[in-house]
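Working through the structure, step by step
Listed below, chain by chain, are the residues.
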Amino acid sequence: MDASAEVRVSDHAFGLLDDGDLPIGTADHSNGLIIVMSAGALLYTGIDTGTVHVALTLTEPSGDVDASWEDVVEASVHAPRGRLRLDSPDHGPVPAVPLLSAAGPGWYRVRACVRGRDRHFDAVHDDPGEAYHLWVWPAPPAPASLIRTTDRCGAALRATPARRPPRQKSGQESGRRTGDRLDEAIRRATGRPLKE
């Protein structure tokens, strides 16, 4: 199945969120593109706020990676509720896109390809020329794979040490739309100054 949508970005991110959960305190930024959390993931964008184009394919990719993609990363994403959706942190699930976790609760592999993140980095921009293609398919958990990393946007995040997201304890606050700001967490991780 293929789908595409314009997705609203805020705080340098849009999500693959499991039933809206946003456990930002468990985020691992180290691959520079797919920010894996204890449930779901965020995609780190070049623009701070605006709209990006996202294409989705719900099968495992085959063949070579197109040379036009600047960064290509694969990572494992956990969907414990089995309700993984393309999500805008401020606007919720993108209605034009189907459920991404068709196989139900469990682990999924995500390949993210991106181009244009450096074009309007850290700006508010609604036509940034920033495009993503995501492949999502059921697969056992495996380490992240950096297939191609050429843009400057993800370089500082890739320089941060990898960390294993802590598992949430039962009864712990899930982080559902808590208002925690992803850009503040990333700025701390990379040493960039916090916004006023």
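This text goes with the structure placed above it.
With that out of the way, let us pick up the overall build of the protein. Counting secondary structure elements, the protein contains 2 helices and 12 strands. Each of the 196 residues in the protein was classed as buried or not, and the buried ones make up 52%.

Turning our attention to the sheet that holds strand β2 (residues 13–18). Spatial ordering of the open sheet is given by β3-β4-β2-β7-β8, a layout of 5 strands whose pairing is antiparallel. One side of each edge strand has no neighbouring strand; the edge strands of this open sheet are β3 (34–36) and β8 (92–93). With 3 bridges joining them, β3 and strand β4 (residues 41–44) adopt antiparallel strand pairing. Its bridge partner lying in β4, Ile35 is registered against Leu42.

This brings us to unusual backbone geometry. Most of the time, phi is negative for any residue but glycine, and the peptide bond is trans. Despite not being glycine, His12 shows a phi value in the positive range, around 65°. Considering the arrangement of structural elements, one finds His12 in the loop between β1 (2–9) and β2. Classification of His12 by relative accessible area gives buried; the value is 1%. Its identity is not glycine, yet Asp19 carries a phi of approximately 60°, on the positive side. Within the element layout of this structure, Asp19 appears in the loop between β2 and β3.

For the structure shown, the criterion picks out 9 salt bridges. Linking Asp71 and Arg158 is a salt bridge whose minimum nitrogen-to-oxygen distance equals 3.0 Å. Taken as a pair, Asp71 in strand β6 (residues 71–79) and Arg158 in helix α1 (residues 155–158) lie far apart in primary sequence, 87 residues in all. A salt bridge links Arg111 to Glu74, with the shortest nitrogen-to-oxygen separation between them at 2.8 Å. Note that Arg111 is positioned in strand β9 (residues 106–115) and Glu74 in strand β6, a separation of 37 residues in sequence.

This part takes up the pairing of strand β5 (residues 49–57). Within β5, 7 of the 9 residues are buried, leaving the element largely enclosed by the surrounding structure. Relative to β5, β1 runs antiparallel, the two being bridged by 8 bridges. Paired with Ala3 across the strands is Leu56, a residue of β5. Looking at chain direction, β5 and strand β10 (residues 124–125) are connected through 2 bridges and run parallel. When the sheet's bridge partners are listed, Gly50 is paired in β10 with His125.

What follows concerns the packing of aromatic side chains. Per the counting criterion, the structure on display carries 1 aromatic pair. Both rings, one in Phe14 and one in Tyr132, keep their centres 5.1 Å apart while their planes meet at 85°; by these two values the pair is edge-to-face. Taken together, the positions of Phe14 in strand β2 and Tyr132 in strand β11 (residues 131–138) put the pair 118 residues apart, joining distant regions of the chain. Each member of the pair, Phe14 as well as Tyr132, is classed as buried.

Moving on, we get to the nonpolar core. Side chains of a nonpolar character, in soluble globular proteins, are inclined to be buried together. In this structure, Phe14, Ile34, Val54 and Leu86 are the most contacted members of the largest nonpolar core, which totals 30 residues. Ala13, Ile35, Met37 and Cys153 belong to the second-largest nonpolar core, a separate cluster that totals 11 residues.

With that settled, consider the side chain of Asp18. Considering the arrangement of structural elements, one finds Asp18 in strand β2. Here Asp18 is buried and forms no salt bridge, its nearest opposite-charge partner Arg81 lying at an N-O distance of 4.9 Å. Within the structure, Asp18 has its side chain in polar contact with the backbone nitrogen of Gly82 (distance 3.3 Å). Setting aside anything within four residues of it in sequence, one finds Asp18 in contact with Ala79, Pro80, Arg81, Gly82, Arg83 and Leu84.

Criteria and cut-off values
- Residue positions are given per chain, counted from 1 along the sequence in the order it is written.
- Reporting of local features is limited, given that this is a predicted model, to residues whose pLDDT is at least 70; pairs of side-chain atoms are given and counted only at 80 or more, and all residues count toward the totals for whole chains, interfaces and linings.
- Note that water and hydrogens are dropped before the side-chain values are worked out from all heavy atoms of the structure.
- Runs of H or I in DSSP of at least four residues are treated as helices and runs of E of at least two as strands, each being numbered from the N terminus.
- Each residue is assigned to one of three classes by its accessible area relative to the maximum for its type, calculated with a 1.4 Å probe on protein chains only: buried under 20%, partly exposed between the two thresholds, exposed over 50%.
- Pairs of strands are assigned from DSSP output, requiring at least two bridges between the strands.
- Each salt bridge in this description consists of a side-chain nitrogen of Lys or Arg and a carboxyl oxygen of Asp or Glu lying within 4 Å of one another.
- Only rings of Phe, Tyr and Trp enter the pairing, Trp through its six-membered ring, and a pair is recorded when the two centres are within 6.5 Å. The plane angle decides the type: under 30 degrees is stacked, over 60 is edge-to-face, the rest tilted.
- Here, the term nonpolar core denotes a set of buried Ala, Val, Leu, Ile, Met, Phe, Trp, Tyr and Cys residues that are joined through side-chain atoms within 4.5 Å.
- Only four residue types enter the tally: Lys and Arg on the positive side, Asp and Glu on the negative side, with His and both chain ends excluded.
- N or O atoms within 3.5 Å of each other form a polar contact, as long as, within protein, one can give a hydrogen and the other can take it, and as long as residues adjacent in sequence are counted only when both atoms are side-chain atoms.
- Contact criterion: two residues are considered in contact whenever any of their non-hydrogen atoms come within 4.5 Å of each other.

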